[in-house]
Amino acid sequence: MQILEATATKATLMDRFGLTRRLVDLLHEGEAIVGGIGNANFDLFGAGDRPENFYMLGSMGMAVPIGLGVAVAQPERQVIVLEGDGSLLMNLGSLSTIGMVAPPNLTVIVWDNGAYQMTGGQPTPTAATTDLVQVAQAAGIANSQWAQDEQHFERLVQQALWSKGPSFIGAGVLPTPSNSHPEFDPVILKDRFMRGIGAK
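Residues numbered from 1 in each chain as written. Predicted model: local features only at pLDDT ≥ 70, side-chain atom pairs only at ≥ 80, totals over all residues. Heavy atoms only, no water.

### A word on the confidence of the model for the protein
Stage number 1. When pLDDT is averaged along the protein, the result is 91, and 93% of the positions lie at 70 or above.
Stage number 2. Mean pLDDT in the protein bottoms out at strand S5 (residues 115–116), which sits at 78, and peaks at helix H3 (residues 63–73), which reaches 98. (pLDDT = per-residue confidence, 0-100. Helix = DSSP H or I, 4+ residues; strand = E, 2+ residues; numbered from the N terminus.)

Given below as structure tokens:
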């Protein structure tokens with residue numbers, strides 16, 4: 001397993017939708033993506049809706065456990081989780097489970113804007129004291145690193161997809177609201193995703 005050298009902090013804040021579009025453009029092998037609630041899945045839908053996308057609705061902190069479950073159930077498929085810092089903070093224990101189980105096909109990407117953007121913009125602990133990349137490393141996810149710019153983000157994603165993980169990528173992003181606001185039906189989403197990954 002190739003170990004990435006971690007960087008200490010977030011770099012210049014980037015555009016979340018632009019990074020999401022870069023990510024989707026790199027996917028060509030039926031990779032599954034689990035998008036966390038709010039802007040993470042809104043941007044994912046806007047960047048490229050696919051049957052292999054699962055859009056988390058209404059349950060903060062559950063995107064990472066769902067992605068972990070998919071990765072364990074389908075070890076031949078690359079699985080990517082897109083999550084916000086606020087949602088991840090609600091379920092930090094999931095990182096410890098990833099570190100222990102060590103699924104080689106799982107990548108967690110956290111969009112860190114330092115705020116609970118969907119509930120009024122209240123600051124999260126990442127705006128002051130908590131470094132989520134260091135938390136991921138301490139949880140046992142050795143391949144954990146902050147993206148320093150858009151090109152570096154692409155390289156980290158490519159490396160995560162090509163090497164054995166698990167991997168954790170932190171991206172400092174601007175608190176820009178998503179321009180995509182799809183109407184989601186949870187039953188249809190679940191059924192489509194299960195069919196998209198061949199689970200139904």
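That shown, we press on.
### A word on the pairing of strand S3 (residues 79–84)
Stage number 1. Among the six residues that make up S3, six are buried, leaving the element largely enclosed by the rest of the structure.
Stage number 2. Burial along S3 is two-sided: Val 79, Val 81 and Glu 83 facing one way and Ile 80, Leu 82 and Gly 84 facing the other are all buried.
Stage number 3. Two elements, strand S1 (residues 32–35) and S3, share four bridges in a ladder whose sense is parallel. For Ala 32, the partnering residue across the bridge sits in S3 and is Val 79.
Stage number 4. Judged from the six bridges that link them, S3 and strand S4 (residues 106–112) form a sheet pairing that is parallel. (Buried < 20%, exposed > 50% of the residue type's maximum accessible area, 1.4 Å probe, protein only. Pairing = 2+ DSSP bridges.)

### Here's the deal with the pairing of strand S8 (residues 167–172)
Stage number 1. Summarising burial for S8: six of the six residues are buried, a large majority.
Stage number 2. Here S8 shows no split at all, with Ser 167, Ile 169 and Ala 171 on one side and Phe 168, Gly 170 and Gly 172 on the other all buried.
Stage number 3. The pairing of strand S7 (residues 143–146) with S8 spans four bridges and is classified as parallel. From the neighbouring strand, Gln 145 faces S8, where its bridge partner is Ile 169.
Stage number 4. Of the crossover connections in this fold, the one passing from S7 over helix H7 (residues 150–162) to the parallel S8 is right-handed. (Right-handed = clockwise from strand over helix to strand, strands pointing away.)

### Remarks on the pattern of salt bridges
Stage number 1. Scanning the model with the defined rule gives five salt bridges in all.
Stage number 2. The closest approach of N and O atoms between Arg 22 and Glu 154, which form a salt bridge, is 2.7 Å. Here Arg 22 is found in helix H1 (residues 16–25), whereas its partner Glu 154 is found in helix H7, with 132 residues between them in sequence.
Stage number 3. A relative accessible area of 26% means that Arg 22 is categorised as partly exposed. (Salt bridge = Lys/Arg side-chain N within 4 Å of Asp/Glu carboxyl O.)

### A look at the side chain of Ser 94
Stage number 1. As for its position among the elements, Ser 94 is in helix H5 (residues 93–101).
Stage number 2. Take Ser 94: its relative accessible area is 6%, and that puts it in the buried class.
Stage number 3. Sequence-distant contacts of Ser 94, defined by excluding residues within four places in its chain, comprise Val 64, Pro 65 and Leu 88. (Contact = heavy atoms within 4.5 Å.)

### Concerning the nonpolar core
Stage number 1. Ranked by size, the top nonpolar core spans 27 residues in total, and within it Val 81, Leu 88, Leu 95, Ile 98, Leu 106, Val 108 and Phe 168 carry the most contacts.
Stage number 2. Aside from chain neighbours lying at most four places away, what touches Ile 98 is Val 64, Leu 68, Pro 103, Leu 106, Val 108, Ile 141 and Pro 166.
Stage number 3. If you look at the next biggest cluster of nonpolar residues, it comprises 26 residues, including Leu 19, Leu 23, Leu 82 and Ile 109. (Core = buried A, V, L, I, M, F, W, Y, C linked by side-chain atoms within 4.5 Å.)

### Things to note about the sheet that holds S4
Stage number 1. Strand order in the open sheet formed by six strands is S2-S1-S3-S4-S8-S7, with parallel pairing between adjacent strands. Of all strands in the sheet, those with a lone pairing partner are strand S2 (53–55) and S7, marking the two edges. The mean angle between the axes of side-by-side strands here comes to 15°, regardless of whether they run parallel or antiparallel.
Stage number 2. Sheet analysis places S4 next to S8, joined by six bridges and oriented parallel. Among the inter-strand pairings, Thr 107 is bridged to a residue of S8, identified as Ser 167.
Stage number 3. Where H1 meets the sheet, it contacts S3, S4 and S8, and its direction lies at approximately 160° from that of S4. (Axes fitted to C-alpha atoms, helices over the stretch in contact; angles between N-to-C directions.)

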